[in-house]
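Observations on chain architecture
One-letter residues, chain by chain:
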Amino acid sequence: MTATPTCVERYRADPAGTVAWWEAEQANQILNCVAGEASTWLAFTEAEREALATHDHVALFEMGAHPFLTLTLWIAMFERDHSEPLAMQLDYAAKLKHFALPYPDINT
Amino acid sequence: MAKLVAILATTHHPFFYKTSQLPPDEAPPFAAEWVRKVEAYRATLTAARPDVLVMVGSDHFHQLWLDNMPQFLVGKAPYYDGNYYNEEREFGLPRLVLKGHEELSGYILREALDREFDLAFSNELRVDHSITCPIITVRPQNDLPIVPIYTNIFAPPLPRPERFVKLGRTLRELVDAWPSDLRVAVVGTGHLSLELGGPRQFGPHGPDPEFDAKAVEWIANGDIDGCLSEVTLDSLHAPGNATHGFMDFMLMMGLAGYHKADYADNLDLFHTMEAYFTWYPNEGWAE
């Protein structure tokens, strides 16, 4: 797997292409196993693929993506586009404001 | 036997380091008070003159992933690299190397296994800001060997709060019985109410000031039973979606037992409440 910053930039610039590459080349890799021992069955659902390919963090939240992971990735990709401190994070939260407790289940 | 000289339970705010490095004319208005409080808190560890630090924290999906997720894990290595790329980028944290205390790690692993805690272990652990933040705040010279203990407060299913308290009690028994002349301090970090990646994140205060006020009272008073009577895995969703990190405070309460903290302080910051507690177990309890 390539270094994280490279993947972040690739996903920011070309979300659909990166998701397709990820699903084809990376998703089945098992950490700490060589490439020849990859899994054979992991795939996104169509809804997951669409949400990831369109940078739709609201849909990902609704589907139970881990909120910390999504936020951390979004900060890496989009904080630079905002001039005020925390502006990106507050906008991110505002787009989720229609969610009340209990939030979508994040169990895997 | 070893001497448990201090128990520190605190929050780990990743932005402290960056904030503390800013020149006064660039620092936010809360910076000076924050630095003062952290320096006062640091003195509570310095005064205990520890030789080794047991550090309780939680990996933030940096090294531990869903293919192989331990509930509780002890590092046993001669060194630990610290911090990851995203922590450099997002928080401005420095990379650092911490020394390990393999003998104490091995002792805790062996003895806990024999006391019904099947702890995972790692001989190559890169610790993240849950461990490095308290080094930066309470031991910035980074001169003491550590034993890192990771808890899963992140990837459900999680152990229940009672289990965190019980692990704290077990660690207390183990440190008290460690055949060594060394002075041990246990430093654990978690959160009060916290929301990350949800609609309530990054407000002017923590997402649930009422929970924070209660939590501070439970910890300061050593009120383990009061805390356990209200806190469950389900209840922790209400104060904020990352509030399960409070269970690391509960582990530390288990270590300290039913005793008031000798030192308690807190600071209301944007998006979270900072909290600082210290107990001196063998110096006479503050009651």
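Nothing here was measured: the structure is a model prediction, and the numbers come from that model.

**Here we look at the overall build of chain A**
A tally of helices and strands in chain A yields 6 helices and 0 strands. Listed by position from the N terminus, the elements making up chain A come as α-α-α-α-α-α. Each principal axis of the C-alpha atoms in chain A carries an extent, and together these give about 45 × 30 × 25 Å. When burial is assessed residue by residue, chain A has 17% of its 108 residues classed as buried. In chain A, once contacts between residues fewer than 6 apart in sequence are set aside, the share between residues at least 24 apart is 46%.

**Digging into the overall build of chain B**
Along its length, chain B carries 9 helices and 10 strands. For chain B, whose C-alpha radius of gyration is 17 Å, the value lies close to the compact-globule estimate of 19 Å for 287 residues. Its C-alpha atoms put chain B at 50 × 45 × 40 Å along the principal axes. A total of 287 residues make up chain B; the buried ones form 52% of that total.

**Focus on the sheet that holds strand S3 (residues 72-75) of chain B**
All names here are of chain B. The mixed open sheet is built from 8 strands, whose spatial order is S6-S3-S7-S2-S8-S1-S10-S9. Every interior strand has two partners, whereas the edge strands, strand S6 (120-122) and strand S9 (263-269), have only one. Direction aside, neighbouring strands of the sheet carry axes that sit 15° apart on average. Alignment of S9 against strand S10 (residues 272-279), held across 7 bridges, turns out to be antiparallel. In the sheet register, leucine 267 faces S10, and the bridge partner there is glutamate 274. With respect to the sheet, helix H6 (residues 161-177) is in contact with strand S1 (3-11), strand S2 (52-57), S3, strand S7 (146-151) and strand S8 (183-190), its orientation differing from that of S8 by roughly 165°. Strands S1, S2, S7, S8 and S10 of the sheet are contacted by helix H9 (residues 246-256), whose axis makes an angle of about 150° with S8.

**Describing helix H5 (residues 129-138) of chain B**
Note: α-helices contain 3.6 residues per turn, so residues at a spacing of three or four share the same orientation. Most of H5 of chain B is tucked away, with 10 of its 10 residues classed as buried. His129, Ser130, Ile131, Thr132, Cys133, Pro134, Ile135, Ile136, Thr137 and Val138 of chain B are the residues of H5 of chain B that are buried.

**Overview of the nonpolar core**
Counting residues in each nonpolar core, the largest one holds 86 residues, and the members touching the most others are Ala185 and Val186 of chain B. Ignoring anything within four residues of it in the chain, the contact list for valine 186 of chain B reads Ile7, Val54, Val56, Leu171, Val175 and Leu255 of chain B. In terms of nonpolar packing, the next biggest core, distinct from the first, is built from 6 residues, Val19, Ala51, Leu52 and Ala65 of chain A among them.

**Some details on the interface of chain A and chain B**
Put simply, an interface is often sized by how much accessible area is lost when its parts join up. Contacts between the two partners involve 25 residues from chain A and, on the opposite side, 22 residues from chain B. Among the elements that make up the side of chain A that touches chain B, the one with the highest residue count is helix H5 (residues 67-78) of chain A (8 residues).

**A closer look at the packing of H6 of chain B against H9 of chain B**
To characterise two packed helices, one gives the angle between the axes of the helices and the distance between these axes. Residues and elements named next belong to chain B. Between H6 and H9, the shortest axis-to-axis distance is 6 Å and the interhelical angle comes to 40°. Taken together, the axes of H6 and H9 are oblique relative to one another. For the pair H6 and H9, the crossing hand works out as right-handed. Between H6 and H9, the residues in contact are Pro161, Phe164, Val165, Lys166, Leu167, Gly168, Arg169, Leu171 and Arg172 and Met247, Met250, Leu251, Met252, Met253, Gly254 and Leu255, respectively.

**Structural notes on unusual backbone geometry**
A negative phi holds for most residues other than glycine; trans holds for most peptide bonds. The step from leucine 101 of chain A to proline 102 of chain A runs through a cis peptide bond, and the omega angle for that step is -5°. Among the structural elements, proline 102 of chain A can be located in the segment after helix H6 (87-94). Residues proline 156 of chain B and proline 157 of chain B are joined by a peptide bond in cis, for which omega reads 5°. Positive phi, normally seen in glycine, also occurs at asparagine 32 of chain A, with a value near 75°. Mapping asparagine 32 of chain A onto the fold places it in the loop between helix H2 (15-26) and helix H3 (46-53).

**Some thoughts on the environment of alanine 213 of chain B**
You can see alanine 213 of chain B is positioned in helix H7 (residues 209-221). With 20 residues separating them along the chain, alanine 213 of chain B and serine 193 of chain B place their C-alpha atoms 9.9 Å apart.

**Some thoughts on the confidence of the model for chain B**
For any part of a model where pLDDT is low, the fine detail of the predicted coordinates should not be relied upon. For chain B, per-residue confidence averages 96 on the pLDDT scale, and 99% of positions sit at 70 or higher. For this predicted complex, the interface confidence score (ipTM) comes to 0.93, while the overall pTM stands at 0.96.

**As for the packing of H2 of chain A against H3 of chain A**
Residue and element names in this part refer to chain A. Contact pair H2 / H3: the axes reach a minimum separation of 8 Å and the direction vectors enclose 135°. On the basis of the axis angle, H2 is oblique to H3. Contacts between H2 and H3 involve Pro15, Ala16 and Val19 from the former and Arg49, Leu52 and Ala53 from the latter. Partitioning the contact of H2 with H3 into residue classes produces 5 nonpolar, no polar and 1 charged.

What counts and what doesn't
All residue numbers refer to positions counted from 1 along the written sequence of the respective chain. Whichever chain is written first is A, and whichever ligand is written first is 1; the rest continue in order. For this predicted model, a pLDDT threshold of at least 70 governs which residues receive local features, and a threshold of 80 or more governs which side-chain atom pairs are given and counted, while totals over whole chains, interfaces and linings are taken from all residues. Numbered from the N terminus, helices here are DSSP runs of H or I no shorter than four residues, and strands are runs of E no shorter than two. Counting other C-beta atoms within 10 Å of a residue's own tells you its class, since 20 or more makes it buried, 12 or fewer makes it exposed, and anything in between is partly exposed; those C-beta atoms are placed from the backbone. Contact between residues is assigned whenever the C-beta positions, reconstructed from backbone atoms, fall within 7 Å. Our radius of gyration looks at C-alpha atoms and nothing else; its globule reference is 2.2 Å times the residue count to the power 0.38. Think of it this way: DSSP has to see at least two bridges between two strands before they count as a pair. All axes here are fitted lines through C-alpha atoms, helices being fitted over the stretch that makes contact, and every angle between N-to-C directions spans 0 to 180 degrees. Think of a nonpolar core as buried Ala, Val, Leu, Ile, Met, Phe, Trp, Tyr and Cys residues chained together by C-beta atoms that fall within 7 Å. Small angles under 35 degrees read as roughly parallel and large ones over 145 as roughly antiparallel, with 65 to 115 read as roughly perpendicular and the rest as oblique. Each crossing gets its hand from how the near helix is turned against the far one by less than a right angle, where anticlockwise is left-handed and clockwise is right-handed. The score called pLDDT rates the predictor's confidence residue by residue, from a low of 0 to a high of 100. Throughout this entry, Asp, Glu, Lys and Arg are counted as charged residues, while Ala, Val, Leu, Ile, Met, Phe, Trp, Tyr, Cys and Pro are counted as nonpolar. The remaining residues, Gly among them, count as polar.

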